[in-house]
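Structural description and commentary
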Amino acid sequence: MASRGTANPALRRVAERLAPWLLPLTVLAVWELAAGVGWLSARVLPAPSDIALAFWTTLLDGSLPHHVAVSAGRAAQGLLIGGGLGFALGFLNGALKPAETLLDSTLQMLRNVPHLAIIPMVILWFGIGEEAKIFLVSIGVLFPIYLNTFHGIRSVDRGLVEMGRVYGLGTAALYARVILPGALPSILLGLRYALGIMWLTLIVAETISASSGIGYMTMNAREFLQTDLVLLGIIVYALLGKLADTATRWLERRALAWNPSFHTALESAT
Amino acid sequence: MSAFAQALRRLPLTVSRPFPASPAAATGGHAVIERARPLPLVLDGVVKEFAGRRVLDGIDLRIPAGQFVAVVGRSGGGKSTLMRLIVGLDRPTAGRVLVDSRPVSGLRPDVRLLFQDPRLLPWQRVAGNVGIARGPGWRERALAALDDVGLAGRGDDWPAVLSGGQRQRVALARALVSNPGLLLLDEPFGALDALTRQEMHGLLRRIRDEHGFGAILITHDVAEAVALADRVLVLREGRVALDLDIGRPGERPDALAADFETRILKEV
Ligand SMILES: Nc1ncnc2c1ncn2[C@@H]1O[C@H](COP(=O)(O)OP(=O)(O)OP(=O)(O)O)[C@@H](O)[C@H]1O
Ligand SMILES: [Mg+2]
């Protein structure tokens, strides 16, 4: 490149910052243009500006906040119930050998059933009420949290546990100060994995049967050929997923501040 | 016991050392750390088997309160097993272990074990590790113990940022905080470099003299044993192959120390 030696370094830095955005912005511009001149039917793909407009109107009439709140509420309840149960089972089986003998192989068998495959059963049991969605999400998040809690507790350094006993820790203190903190990285990993499953389950459940929530919003919009709303729903799901992931990363950084690899992550993040 | 050791017992240099009369003077100004009540240890025909394989084969020992004993022996000779019996982590297959004239029935706060690796909790800061058992005033006691091992001001660091020698110092502080009467050290300096080892030897001797606890140090290093202990045991094939009183370190001539080392090496 002939101009390399003479290029302004500040200009180059700005160019490097902008470069990753070049392609998405171009695609958006071409998309907008194609929709505007009528190459792209609004039934196939609405213009980005239409989606922005749909966002704005549904925000103002309160329907978007309502559906988001309903979906987030289901997600939270399912996570609380399924995650709590998974944690309790993982803790129990990790701590007590007899509990493991009794329960683990059953849980491993149930784990192999894809939880979305039981949707017809769930609809038979609960109809299309709230319980159906919360039940499905609970089942979905239970197993990753169960497995990672169990594994985390089992793989705590035996030497540290022995040290705890030699230095006078009772059972409760041993769990609070040695075993649970040792299992925490694994538990948080399970949580992150569970969050992905949580949104996925919710999307499927709400799309199949619901009378509120983002999935309902998109399916309803589909019937009236409102593709802008459908796309808006998809984008909202993506943002919610990203938000949950960011929240767990933040939690990991706070809870695992003792870990040297997180020290560097913290420093480079600030 | 060998004739040589018996002859040594009669020499004036092996007379057991009386403890300093004034506890206050011995604590070196650290008001929080009390002097320990040193505990005597007796092993009576102790046998330990794992799945029928005999690791300790009838150990008889009398260790007076406050003595510093080094145990040397080959790898796999049962040294760590012996420590686990004394500290109460494990029970002997036969025979009795008596600490302070009472049979060991479990863990007790005045008998402490330093492991080969520091075994610090990475998710607790240094002070939190030292004061692991908590209880009233634990933080002050932990900071005083850290001060004692030369780590003043490091209480709020994470263990991950410390050097190997510093981590072992934290482990020592953790053992000191409960004011032990008997401290067991299972090769605590094995993983350290030569210079750091030297430093730790000085530290251990000073702290031992200040606190007055009895100590049993396992080591592979015969020179280390002679440099630190008043008495050296050689453990071989599950038995005590040599029991040698060598007197206070620093009070014996160099030539004698070298003589002890060759004698011990011959038995290991
Ligand atoms: N819990 C156990 N179960 C079965 N065998 C064991 C157990 N603990 C120790 N042993 C065996 O007892 C023998 C003595 O082990 P020990 O750890 O006491 O040796 P050591 O003298 O401390 O060796 P090193 O110097 O390498 O630390 C070894 O052969 C070991 O395999
Ligand atoms: Mg050992």
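Residue numbering note: each chain is counted from 1, following its sequence as written. As a convention, the first chain written is A and the first ligand written is 1, with the rest following in written order. Given that the model is predicted, a residue must reach a pLDDT of at least 70 before its local features are reported, and side-chain atom pairs must reach 80 or more before they are shown or counted; all residues, however, enter totals for whole chains, interfaces and linings. Hydrogens and water molecules were not included; the side-chain quantities draw on all heavy atoms of the structure.

So, about the overall build of chain B. Where helices and strands are cited, they refer to DSSP runs of H or I of at least four residues and of E of at least two residues respectively, numbered from the N terminus. Tallying secondary structure elements over chain B gives 9 helices and 10 strands in all. Remark: exposure states derive from per-residue accessible area (1.4 Å probe, protein chains only) relative to the maximum for the residue type, with buried under 20%, exposed over 50%, and partly exposed in between. For chain B, the proportion of its 268 residues judged to be buried stands at 53%. Contacts in chain B between residues far apart in sequence, at least 24 positions, make up 69% of those at least 6 positions apart. Note that accessible areas follow from Shrake-Rupley with a 1.4 Å probe, and for residues the cover is restricted to the protein chains shown. Carbon and sulfur atoms make up 52% of the accessible area of chain B, which totals about 11,500 Å². Two residues form a contact once any of their heavy atoms are found within 4.5 Å.

A separate point is the overall build of chain A. Along chain A, the regular secondary structure elements total 11 helices and 0 strands. Secondary structure elements of chain A, listed N to C terminal, follow the sequence α-α-α-α-α-α-α-α-α-α-α. Scaling as 2.2 N^0.38, a compact globule of 270 residues should have a C-alpha radius of gyration of about 18 Å, whereas chain A reaches 24 Å, well beyond that. Buried positions account for 39% of the 270 residues belonging to chain A. In chain A, the share of contacts with a sequence separation of at least 24, taken over all contacts with a separation of at least 6, comes to 70%. Only C-alpha atoms enter the radius of gyration, while the globule expectation follows 2.2 Å times N to the 0.38, with N the number of residues.

Now for the site of ligand 1. All names here are of chain B. Any residue with at least one heavy atom within 4 Å of a molecule or strand is counted as near it. Residues in close proximity to ligand 1 total 13 residues, the closest being Ser75, Gly76, Lys79, Ser80 and Thr81. N or O atoms within 3.5 Å of each other form a polar contact, as long as, within protein, one can give a hydrogen and the other can take it, and as long as residues adjacent in sequence are counted only when both atoms are side-chain atoms. In the model, an oxygen atom of ligand 1 is placed 3.1 Å from a nitrogen or oxygen of the Gly77 main chain. If ligand 1 stood free it would expose 640 Å²; the protein chains cover 60% of that surface. Elements with a minimum of two residues in the shell around ligand 1: strand S2 (53-63) and helix H3 (79-87). Considering each element in turn, the shell around ligand 1 owes the most residues, 3 residues, to H3. Just so you know the grouping, Ala, Val, Leu, Ile, Met, Phe, Trp, Tyr, Cys and Pro go in nonpolar, Asp, Glu, Lys and Arg go in charged, and all remaining residues, Gly too, go in polar. Considering only residue class, the shell around ligand 1 consists of 2 nonpolar, 7 polar and 4 charged.

All names here are of chain A. Here Ile134 lies in helix H6 (residues 130-154). Sequence spacing of Ile134 and Gly82 is 52 residues, and the spatial spacing of their C-alpha atoms is 8.9 Å. Other than its neighbours up to four places away in sequence, Ile134 contacts Arg74, Gln77, Gly78 and Ile81.

Moving on to the packing of aromatic side chains. The aromatic pairing rule takes the rings of Phe, Tyr and Trp, using the six-membered ring of Trp, and pairs them if the centres are within 6.5 Å, calling planes under 30 degrees apart stacked, those over 60 edge-to-face and the rest tilted. Evaluation of the coordinates by the stated rule reveals 7 aromatic pairs over all chains. Measuring from centroid to centroid gives 6.1 Å for Trp125 of chain A and Phe135 of chain A, while their planes differ by 85°, and the two rings are edge-to-face. Of this pair, Trp125 of chain A sits in helix H5 (residues 119-126) while Phe135 of chain A sits in helix H6, and the two are 10 residues apart along the sequence. Classification of Trp125 of chain A as exposed rests on a relative accessible area of 52%. The structure contains a cluster of three or more aromatic residues connected by ring pairs, namely Phe87, Phe91 and Tyr175 of chain A. Sitting over a ring, as applied to charges here, requires NZ of Lys or CZ of Arg to be within 6 Å of the ring centre and within 35 degrees of the ring normal. Just above the ring of Trp138 of chain B sits the side chain of Arg134 of chain B; from NZ or CZ to the centre is 4.2 Å.

So, on to the interface of chain B and chain A. How big an interface is tends to be stated in terms of the accessible area lost upon association of its parts. At the junction of the two partners, chain B supplies 22 residues and chain A supplies 17 residues. Contact with chain A buries surface across chain B, with Arg119, Trp123 and Ile132 of chain B losing the most and accounting together for 33% of the total. Among the ionic pairs, Arg119 of chain B bridges to Glu162 of chain A, the shortest N-O distance being 3.0 Å. If you look at where chain B meets chain A, you find 7 residue pairs in polar contact (both at pLDDT 80 or more). Among the elements of the structure, H3, strand S6 (111-114) and helix H6 (164-176) of chain B are those that each provide at least two residues to the side of chain B that touches chain A. Its residues assigned to classes, the side of chain B that touches chain A shows 16 nonpolar, 1 polar and 5 charged. Computed with a 1.4 Å rolling probe, the buried area is the accessible surface lost when two parts are put together, summed over both parts. The salt bridge criterion pairs a side-chain nitrogen of Lys or Arg with a carboxyl oxygen of Asp or Glu, the two atoms within 4 Å.

Moving on, we get to the pairing of S6 of chain B. Residues and elements named next belong to chain B. Of the two faces of S6, the one lined by Val111 and Leu113 and the one lined by Arg112 and Leu114 are each fully buried. Pairing between two strands is assigned when DSSP locates at least 2 bridges connecting them. In the sheet, S6 pairs with strand S7 (residues 182-186) via 4 bridges, with the strands oriented parallel. Bridged to Val111 within S7 is Leu182.

It is worth spelling out the nonpolar core at this point. For the purposes of this section, nonpolar cores are sets of buried Ala, Val, Leu, Ile, Met, Phe, Trp, Tyr and Cys residues that join through side-chain atoms within 4.5 Å. Counting residues in hydrophobic clusters, the biggest one holds 121 residues, and the most contacted among them are Ile86, Leu172, Leu184, Ile216 and Ile264 of chain B. Broken down by element, the residue count for this core peaks at 14 residues, all from helix H8 (residues 171-208) of chain A.

All right, on to the sheet that holds strand S4 (residues 94-99) of chain B then. Residues and elements named next belong to chain B. Spatially, S2-S1-S4-S5 is the arrangement adopted by the 4 strands of the open sheet, whose pairing is antiparallel. Each edge of the open sheet is held by one strand with a lone partner, namely S2 and strand S5 (102-103). Sheet analysis places S4 next to S5, joined by 2 bridges and oriented antiparallel. Within the sheet, the bridge partner assigned to Val99 lies in S5 and is Arg102.

All names here are of chain A. For the pair H8 and helix H10 (residues 227-255), the least separation of the axes is 10 Å and the interaxial angle reads 170°. By the angle between their directions, the pair H8 and H10 is classed as roughly antiparallel. Across from Leu184, Leu188, Leu189, Leu191, Arg192, Leu195, Trp199, Leu202, Ile203 and Glu206 in H8, the residues of H10 making contact are Tyr237, Leu240, Gly241, Ala244, Asp245, Thr248, Arg249, Leu251, Glu252 and Ala255. Counted by class, the contact of H8 with H10 contains 13 nonpolar, 2 polar and 5 charged residues. All axes here are fitted lines through C-alpha atoms, helices being fitted over the stretch that makes contact, and every angle between N-to-C directions spans 0 to 180 degrees. The labels follow the angle: roughly parallel below 35 degrees, roughly antiparallel above 145, roughly perpendicular from 65 to 115, and oblique for the rest.

A word on the side chain of Asp104 of chain A. All names here are of chain A. Structurally, Asp104 is set in helix H4 (residues 97-111). Working convention for charge: Lys and Arg count positive, Asp and Glu count negative, and His plus the chain ends are omitted. One buried charged residue, Asp104, forms no salt bridge at all, with the nearest opposite charge on Arg154 at 7.7 Å. Non-local contacts of Asp104, meaning those with residues more than four positions away in its chain, are made with Asn93, Ala99, Tyr146 and Phe150.

Pairs can form between side chains of opposite charge whenever their charged atoms are close. Taken as a whole and assessed by the stated rule, the structure comprises 29 salt bridges over all chains. Measuring nitrogen to oxygen at the nearest pair gives 2.7 Å for the salt bridge that ties Arg108 of chain B to Asp110 of chain B. Salt-bridge contacts for Arg231 of chain B lead to Asp243 of chain B; the nearest nitrogen and oxygen are separated by 2.8 Å. Note that Arg231 of chain B is positioned in strand S9 (residues 231-236) and Asp243 of chain B in strand S10 (residues 239-245), a separation of 12 residues in sequence. The exposure class assigned to Arg231 of chain B is buried, which follows from its relative accessible area of 5%. Connected via shared salt-bridge partners are Glu162 of chain A together with Arg84, Asp117 and Arg119 of chain B.

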